[in-house]
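Analysis of the macromolecular model
Spelled out, the chains give:
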Amino acid sequence: MNAQISFLPILQVLLPQGGDDSLAHEAEGLSIDNKHGFLNISITPVEVSVVCHSNWARNVFEPVIKRLSSNLSKTVTISKDSYLILSVISAGMDAGSRVMDLTSPLALAGVPIFFITTYYSDFILVPSKDRQTVVQVLLARNFEFDKDEAAYVSPSAMSHVRGKSQSSDPPSTPPPSNVAELQIRTFELLKKRNVVPYISPYLSLVLCSGRDPSQLIDYGRRPTLSRHPSGNGHRRSWLDNVDTKLYTSLISVLAKQPRFLSITLAQEDPPSLLLDKEYLGVFGDSLVGDTEGDLVPIFLDLVSLPLEATGIVSGVAGKLISEMGMEETGVSSELSYLSTARAGAVILSSQQSMKALEVLKPLLSKE
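About the cut-offs
- Residues numbered from 1 in each chain as written.
- Predicted model: local features only at pLDDT ≥ 70, side-chain atom pairs only at ≥ 80, totals over all residues.
- Heavy atoms only, no water.
- Helix = DSSP H or I, 4+ residues; strand = E, 2+ residues; numbered from the N terminus.
- Buried < 20%, exposed > 50% of the residue type's maximum accessible area, 1.4 Å probe, protein only.
- Contact = heavy atoms within 4.5 Å.
- Areas by Shrake-Rupley, 256 points an atom, 1.4 Å probe, with all protein chains shown as cover.
- Core = buried A, V, L, I, M, F, W, Y, C linked by side-chain atoms within 4.5 Å.
- Salt bridge = Lys/Arg side-chain N within 4 Å of Asp/Glu carboxyl O.
- 1 Å grid on protein atoms, 1.4 Å probe; cavity = no way out; pocket = protein on both sides within 12 Å on 5 of 7 lines; lining within 4 Å.
- Points joined across faces, edges and corners; volume = space filled by probe spheres on them.
- Nonpolar A, V, L, I, M, F, W, Y, C, P; charged D, E, K, R; others polar.
- Polar contact = N/O pair within 3.5 Å; in protein donor to acceptor, adjacent residues only side chain to side chain.
- Expected span 1.5 Å × (residues − 1).
- Bend = angle between axes of the 7 residues up to and from the residue.
- pLDDT = per-residue confidence, 0-100.
- Pairing = 2+ DSSP bridges.

Now for the overall build of the protein chain. In terms of regular secondary structure, the protein chain is built from 12 helices and 12 strands. In the protein chain, buried positions account for 50% of the 367 residues. Excluding contacts between residues fewer than 6 apart, the proportion of contacts in the protein chain whose partners are at least 24 apart in sequence is 75%. Counting every atom, the protein chain has about 17,800 Å² of accessible surface; 50% of that belongs to carbon and sulfur.

Next comes the structure, spelled out in structure tokens:
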């Protein structure tokens, strides 16, 4: 979504009123306690990108887009494909290894993905039609879907649309046979589409989390997950179980139209924020984590690539890990990645980002 578009529909999705009968259709994308199964809102120098349940896309965003002028509506797109969300637990693995171990086998199988690293988890978005292939690939790599840990594919809670997944269609071009070929193809494609990596001046990020919701519960009253009226005649609200200070701060920052903000809401985790350090003070004590961090994203504007392009995450991350000797120096523990609809961001410490940019630029130069 273009950054010039009104933030009102984004706020409507971010602040769902689950007990409001007027939003009954949208509430189908919420759990019984009015939580999103998965929601990511990312604002970058390239775009505003939203990953939400299909009900919210149809009932909140589509009506807004239809009211736009023809020229402005062309700047906003909604994916025609549905996606599944995989939450993957990789305990004991550093960040760079996680990115590679999760994305490489899928890229080699010809499956396009979006990858989102949060404070607590790694999430992979894959086309619903490729569900069977994805499960087979990960199981073959000894990944297990643990329902107790919520690290599994759940079409009813995590899918962007309802309905059974279809078998995957074969890719138009045979997938690469190994990681080395994958990296070569990735950089050939990026170079062909004139993708130039860059760092936004004076942009420094921190990765933080909201407080655990269990710390916010008022134990003076008995909680209920029912959407029906409580004893005082009023419905329970989603506000009863969230940190209102955090959400008020989010609205304040969104109103300023920040250069960068990525928030992820997942049913099993507290809110995760990748935030422009300039706005850290707005949140006060509502955030926990390394607030002294200094992360710098390297942006790849992928607007000229089709959504079904494969191997971008794995190819770029893998090349950096090998060229910079990240595994030997331990730097790979710093690497994370954020996929949005039309861009990708490799995120490292400020010092390592400058080195990574020096690696990427010659690989993508046509000279």
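Next up on the list: the nonpolar core. Formed by 42 residues in total, the largest nonpolar core has its most connected members in Leu106, Ile124, Val126, Leu190, Val316, Leu320 and Val346. The leading source of residues in this core is helix α10 (residues 312-323), at 6 residues. Excluding residues that lie within four positions of it along the chain, Leu106 makes contacts with Val111, Ile113, Ile124, Val126, Val134 and Val137. In this structure, Cys52, Ala57, Cys208 and Leu280 belong to the second largest nonpolar core, which totals 32 residues.

What follows deals with the pattern of salt bridges. Following the criterion strictly, the structure yields 5 salt bridges and no others. In this structure, the salt-bridge partner of Lys129 is Asp130, at a minimum N-O distance of 3.6 Å. As a salt-bridge pair, Glu323 and Lys319 come within 3.5 Å of each other at their nearest N and O atoms. Of this pair, Glu323 and Lys319 are both found in helix α10, 4 residues apart, which corresponds to roughly one turn of the helix. Since its relative accessible area comes to 47%, Glu323 is described here as partly exposed.

Moving on to empty space enclosed by the protein. Under the criterion given, the structure shown has 5 cavities of 30 Å³ or more. The computed volume of the largest cavity comes to approximately 170 Å³. A per-class count over the lining of the largest cavity returns 12 nonpolar, 3 polar and 1 charged.

Assignment of secondary structure puts Asp243 in the loop between β6 (205-210) and α9 (244-255). With relative accessibility at 7%, the residue Asp243 sits in the buried group. In this structure the side chain of Asp243 is engaged in a polar contact, spanning 3.1 Å, whose partner is the side chain of Arg211. Here the side chain of Asp243 touches Lys245 through a polar contact of 3.1 Å, landing on its backbone nitrogen.

Here we take up helix α3 (residues 54-66). Residues lying three or four places apart along an α-helix face the same way, a consequence of the helix completing one turn every 3.6 residues. Taking 1.5 Å per residue as the helical rise, α3 with its 13 residues ought to reach 18 Å, and the 17 Å between its terminal C-alpha atoms agrees with that figure. The largest bend along α3 reaches roughly 30° and is located at Val60, with the proline Pro63 sitting one to four residues downstream. Those residues of α3 that fall on the buried side of the exposure criterion are Ser54, Asn55, Trp56, Ala57, Val60, Phe61, Val64 and Ile65.

What follows is about the confidence of the model for the protein chain. Of all residues in the protein chain, 74% attain a pLDDT of 70 or more, and the chain-wide mean is 79. Looking over the protein chain, one finds the lowest element-wise mean pLDDT in helix α7 (residues 155-158), namely 32, and the highest in strand β10 (residues 295-301), namely 96. Counting contacts from residues 219-228, a segment whose pLDDT is below 50, to residues more than four positions away or on other chains yields 17 contacts.

Let us now look at the pairing of strand β12 (residues 343-349). Walk down a regular strand and you will see the side chains alternate between the two sheet faces. Taken across its 7 residues, β12 has 7 buried, putting it largely inside the fold. One ladder, built from 7 bridges, connects β10 with β12; its direction is antiparallel. Within β12, the position partnered with Val296 by the bridge is Leu348. Taken together, the 5 bridges between strand β11 (residues 336-340) and β12 define a ladder with antiparallel strand orientation. Within the sheet, the bridge partner assigned to Ser339 lies in β12 and is Gly344. Connecting the antiparallel pair β11 and β12 is a turn made up of 2 residues.

A separate point is α10. Taking 1.5 Å of rise per residue, 12 residues should cover 16 Å, and α10 covers 16 Å from first to last C-alpha, within 8% of that figure. Most of α10 is tucked away, with 10 of its 12 residues classed as buried. For α10, the complete set of buried residues consists of Ile312, Val313, Ser314, Gly315, Val316, Ala317, Gly318, Lys319, Leu320 and Ile321. Looking one or two residues beyond α10, the residue adopting positive phi is Gly325, at roughly 60°.

We note that Tyr202 has phi near 60°; this positive angle belongs to a residue other than glycine. Checked against the element boundaries, Tyr202 lands in the loop between α8 (179-192) and β6. The exposure class assigned to Tyr202 is exposed, which follows from its relative accessible area of 84%. Of note in the backbone geometry, Gln257 takes a positive phi value of approximately 50° without being a glycine. With respect to the helices and strands, the residue Gln257 is situated in the loop between α9 and β7 (261-266).

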